[in-house]
Amino acid sequence: MQNSATPTHCPYCALQCGMNLTPQQDGGVAVVERPDFPVNRGALCGKGRTAAAVLAPGVRLTSPLVRSGGTLVPATWDEALDRVAKGLHRTRTEHGPDACGVFGGGGLTNEKAYGLGKFARIVLGTSQIDYNGRFCMSSAAAAGMKAFGLDRGLPFPLEDIPRTGCVILVGSNPAETMPPSLRYFTELRENGGTLIVVDPRRTRTAEQADLHLAPRPGTDLALALGLLHLIVAEGRVDEEYVQERTAGWEDARAAAMAHWPEYVERITGVPVPQLREAVRMFCEPEHAMVLTARGPEQQSKGTDTVGAWINLCLATGRAGRPLSGYGCLTGQGNGQGGREHGQKADQLPGYRKLDDPAARRHVAEVWGVDPDSLPGPGRSAYELLDALGTDIKSLLLMGSNPVVSAPRAAHIEERIKSLDFLAVCDVVLSETAELADVVLPVTQWAEETGTTTNLEGRVLLRRRAITPPEGVRSDLEIMHELAARLGGERALEKGFPTDAEEVFEELRRASAGGPADYSGITYRRLAEENGVFWPCPAATGAADDAGDSEDASLDAGPDDPAQDHDTDAAPHPGTPRLFLDRFATPDGRARFAPVSHRAAAEEPDDEYPVLLTTGRVVAQYQSGAQSRRVDELNTAAPGPFVELHPRLAARLGAADGDPLAVISRRGRAVAPARITTAIRPDTVFMPFHWPGEGRANTLTNPALDPTSRMPEFKTCAVRVEPVQQ
Ligand SMILES: Nc1nc2c(c(=O)[nH]1)N[C@H]1C(S)=C(S)[C@@H](COP(=O)(O)OP(=O)(O)OC[C@H]3O[C@@H](n4cnc5c(=O)[nH]c(N)nc54)[C@H](O)[C@@H]3O)O[C@H]1N2
Ligand SMILES: Nc1nc2c(c(=O)[nH]1)N[C@H]1C(S)=C(S)[C@@H](COP(=O)(O)OP(=O)(O)OC[C@H]3O[C@@H](n4cnc5c(=O)[nH]c(N)nc54)[C@H](O)[C@@H]3O)O[C@H]1N2
Ligand code: SF4
Ligand SMILES: [Mo]
């Protein structure tokens, strides 16, 4: 245990707020302010402030559990690991490698995400791996790739926001989902800039806005097209920029011209004068930004929708220029890094493509395997979960709680129950872990070292501050032990080290030359520089050095950062701002998306006349597995609710607090009414943080976006009924 404060980062969301951990008498830690970290300058939300509560024994798991006679009972690590190895081995022998599934999470560190992808492909030999990030920002990632040739959530640091002229925040509620980031928007307005919020609800964020547009859920694509129509009609296109830096304008323009403002008003419910006002506010200043989050992205047309919002930036010359651009506010703690290093179905480390022969050769060489032995792309998250118990017989789950968070969750719960074998690595007994054959309890953020990449693309070092309790092991140790059991010495020769820095050194080499190039980043730099933005290639002449660096780092423990690989060349400074000279496409031009409006997968009808949308509240995190175990957070947000407008409530004869049944084609959920004029009368909202009767995902529609395979969490048709008490 160290005596002084350890600087590190919050275990929860993608803002990755800096915090200091100070050791306490009882062996625990206290979370204290860390004002030197620039992103949050000491500010923390309630989740970050109380994060240490989940470290306590009694709250978290401290022994492996195995199923015996129908119940989970404590077991030794050897027993538990042997059971997992046996379960996976049997499936592989009887049904082939693709019958073993692996499901990861965007909360896992870069090292864990990298290790998990490698484990799936070279130890299990399966193509069937994906992760919960598919449910998160995958539509924005797909649209960013198409438009810019590269996907990094924000192409600029948050510190640029206060200096731009106008920000349109689309389906993003940072007042609840990233409270310390709100100050960037406050400062924007103090500096004379304006904030436009697009959200079917008047959220705490929308309350701060100069203009709030409240479209019907699922209609952001039409809204963006209508705005582009007006931009063209009012002669606000930056023709020179379009000419010099983009491609595909004519098709995008033609599509937008078919979306008349009055037609768009009919689809979205946003009045034409508000559309005009938004265009004026966005176009008048010299610089402007569009930022999206889950609202427009979690739709069965999320990729096209984000593409339409990017079109606004391209038509007005607001991308790849200082203080202007499009960005996606990534969600999970390592939402950015978690999508770069290979736990995604179609991906190899460094944001390489699994079906690209050159990428396969590069990574296979780092891994010491034959490129032809690497499986091809697998299924997306929902499709993978939907296949459990059919052709996928066993699942290894690390860092997700799909029983609560997957769409059409009752069905997914059944699929999980029908598995031959389920192993879950978690810090707590989540609702999914409760169904497992083996539960492996893991170390937590304050107990282990590792890196995350925040929503700005800033790679950060989380440091170990305390000794974990007896009985838990890190995810990296679990992969090491399973590799040894399933692949023997041969697998271990391919490297499944238990030390995070050793894994990072390998990740550097695997990512070298890829789009998300980390090869110039070392733990020592991260410790000294408050994070480094990727891409950060090794300094010229140092690439080989990174390649040879393994030996140097082998004996460097987490408290003994590896020596930098000194060369004569100056280290690459990292890349806080992308695309200023050119976009990452082959010809350097950004691509317009030729998109047109289309309906949601499920529109209201006589039987299901109301729209349901879902999202978050400030005091709970995701499936709630961690935050529902913190008293202070439960007091603030004790349970699910159905937010609805007084007009809809009156029609139902419901008073505030009355239990309401919300019924969709997937199932029925019950939660108390919360009546507010802050929501559209045709829409109800439920947060998704709770299991059981009030589980929002019992209702949601797993209709997938054709490109990103993102499910439509943000809109489905429901019927709402009072429940007789
Ligand atoms: N407190 C808290 N903070 C979190 C998390 C958490 O669970 N709890 N999770 C983290 C993660 S992983 C993520 S991804 C982020 C998510 O961060 P956000 O995207 O900010 O969160 P959401 O509440 O899912 O959705 C944002 C808003 O979209 C609106 N919305 C719903 N439907 C539509 C629509 O059709 N169009 C538009 N324009 N808006 C719509 C909702 O009303 C909501 O206010 O938060 C991160 N931070
Ligand atoms: N209806 C609806 N559903 C949604 C959304 C929505 O807006 N509406 N949002 C979607 C989005 S954006 C997301 S990101 C998903 C998130 O949903 P989930 O994937 O369920 O996310 P978490 O609840 O964070 O689950 C993480 C699990 O991993 C555990 N864990 C934390 N850290 C570690 C670690 O280091 N190692 C291991 N092994 N385990 C760890 C936690 O205790 C927890 O049980 O939900 C999606 N579901
Ligand atoms: S905003 Fe996110 S990173 Fe910051 S303290 Fe809250 S949960 Fe943690
Ligand atoms: Mo997310």
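Going by an unreviewed UniProt entry, the protein chain carries the name Molybdopterin oxidoreductase family protein and comes from Streptomyces chartreusis.

Novice: Kindly report on empty space enclosed by the protein, identifying the contributing residues and their values.
Specialist: Under the defined criterion, the tally for this structure stands at seven cavities of 30 Å³ or more. As a volume, the largest cavity reaches approximately 790 Å³. Mapped onto the lining of the largest cavity, the elements with two or more residues apiece are strand S17 (421–426) and strand S23 (610–615). Taken together, the residues that form the lining of the largest cavity break down as 16 nonpolar, 19 polar and seven charged. The space that makes up the second largest cavity amounts to roughly 580 Å³. Lining the second largest cavity are 42 residues, and of these Gly-171, Asn-173, Thr-177, Arg-294 and Arg-616 lie nearest its centre. Split by residue class, the lining of the second largest cavity holds 16 nonpolar, 17 polar and nine charged. Of the domains in this structure, domain 3 (138–331) and domain 4 (610–722) are the two that each give at least three residues to the lining of the second largest cavity.

Novice: Tell me about the layout of surface pockets, residues and numbers included.
Specialist: Approximately 450 Å³ is the volume found for the largest pocket. Lining the largest pocket are 22 residues, and of these Arg-134, Lys-344, Asp-346, Lys-353 and Thr-707 lie nearest its centre. Among the elements that take part in the lining of the largest pocket, helix H4 (residues 138–148) stands out by supplying five residues, more than any other. Its residues assigned to classes, the lining of the largest pocket comprises seven nonpolar, six polar and nine charged.

Novice: Let's hear about the nonpolar core: which residues, and what values?
Specialist: The biggest cluster of nonpolar side chains holds 173 residues, and the ones touching the most others in it are Phe-119, Phe-148 and Trp-309. Beyond its immediate chain neighbours, meaning those up to four positions away, Trp-309 contacts Ile-168, Val-170, Val-198, Asp-220, Leu-223, Ala-224, Leu-227 and Val-290.

Novice: Give a description of the domain arrangement of the protein chain that names residues and reports values.
Specialist: Domains assigned within the protein chain are domain 1 (6–55), domain 2 (65–133 + 334–499), domain 3 (138–331) and domain 4 (610–722). Domain 1 and domain 4 are separated by 30 Å when their C-alpha centres are compared. At the interface, eight residues of domain 1 touch eight residues of domain 4. Together, the buried faces of domain 1 and domain 4 total about 770 Å²; carbon and sulfur atoms form 69% of this surface. Its largest share of buried area at the contact with domain 4, domain 1 owes to Tyr-12, Lys-47 and Thr-50, together 62% of the area lost on that side. On inspection of domain 1 and its partner domain 4, the count reaches one salt bridge.

Novice: Describe in detail the packing of helix H3 (residues 110–124) against helix H18 (residues 475–493), supporting the description with residues and values.
Specialist: For the pair H3 and H18, the least separation of the axes is 11 Å and the interaxial angle reads 25 degrees. When the axes of H3 and H18 are compared, the pair comes out roughly parallel. Crossing handedness for the pair H3 and H18: left-handed. Contact residues: Glu-111, Lys-112, Gly-115, Leu-116, Phe-119, Val-123 and Leu-124 in H3; Asp-475, Leu-476, Met-479, Leu-482, Ala-483, Leu-486 and Ala-491 in H18. Of the residues that constitute the contact of H3 with H18, the class distribution is 10 nonpolar, one polar and three charged.

Novice: Go over the site of ligand 3 with me, naming the residues and quoting the values.
Specialist: The environment of ligand 3 is made up of Cys-10, Tyr-12, Cys-13, Gln-16, Cys-17, Leu-44, Cys-45, Lys-47, Gly-48, Met-178, Pro-179 and Pro-180. Counting only domains with at least three residues in the shell around ligand 3, you end up with domain 1 (6–55) and domain 3 (138–331).

Novice: Break down the site of ligand 2 for me, with residues and values.
Specialist: Taken together, the neighbourhood of ligand 2 is formed by 31 residues, with Asn-132, Ser-400, Ser-405, Asp-426 and Ser-623 sitting nearest. One nitrogen or oxygen atom from the side chain of Gln-298 is found 3.1 Å from an oxygen atom belonging to ligand 2. Within the side chain of Arg-616, a nitrogen or oxygen atom sits 3.1 Å from an oxygen atom of ligand 2. Burial of ligand 2 by the protein amounts to 95% of the accessible area it has alone, namely 910 Å². Because more than half of its atoms lie within 2 Å of the grid, ligand 2 is assigned to the largest cavity. Tallied by class, residues from the shell around ligand 2 come to 12 nonpolar, 14 polar and five charged. Taken together, domain 2 (65–133 + 334–499) and domain 4 (610–722) each give at least three residues to the shell around ligand 2, which thus spans both.

Novice: Describe the packing of H3 against helix H19 (residues 500–511), listing the residues and the values that go with them.
Specialist: Here H3 crosses H19 at 70 degrees, and the two axes come no closer than 9 Å. Considering the angle they form, H3 stands roughly perpendicular to H19. Relative to H19, H3 is oriented so that their crossing is left-handed. Every residue of H19 that contacts H3 at Asn-110, Glu-111, Tyr-114 and Lys-118 is listed here: Ala-500, Val-503, Phe-504, Glu-506, Leu-507 and Ala-510. Looking at the contact of H3 with H19 residue by residue, the class counts come to six nonpolar, one polar and three charged.

Thresholds applied
Residues numbered from 1 in each chain as written. Chains lettered and ligands numbered in written order. Predicted model: local features only at pLDDT ≥ 70, side-chain atom pairs only at ≥ 80, totals over all residues. Heavy atoms only, no water. 1 Å grid on protein atoms, 1.4 Å probe; cavity = no way out; pocket = protein on both sides within 12 Å on 5 of 7 lines; lining within 4 Å. Points joined across faces, edges and corners; volume = space filled by probe spheres on them. Helix = DSSP H or I, 4+ residues; strand = E, 2+ residues; numbered from the N terminus. Nonpolar A, V, L, I, M, F, W, Y, C, P; charged D, E, K, R; others polar. Domains from an automatic or database assignment. Core = buried A, V, L, I, M, F, W, Y, C linked by side-chain atoms within 4.5 Å. Buried < 20%, exposed > 50% of the residue type's maximum accessible area, 1.4 Å probe, protein only. Contact = heavy atoms within 4.5 Å. Buried area = accessible area lost by both parts, 1.4 Å probe. Salt bridge = Lys/Arg side-chain N within 4 Å of Asp/Glu carboxyl O. Axes fitted to C-alpha atoms, helices over the stretch in contact; angles between N-to-C directions. Parallel < 35°, antiparallel > 145°, perpendicular 65-115°, else oblique. Left-handed = near helix turned anticlockwise from the far one by under 90°. Near = heavy atom within 4 Å. Polar contact = N/O pair within 3.5 Å; in protein donor to acceptor, adjacent residues only side chain to side chain. Areas by Shrake-Rupley, 256 points an atom, 1.4 Å probe, with all protein chains shown as cover. Sits in = over half its atoms within 2 Å of the grid points.

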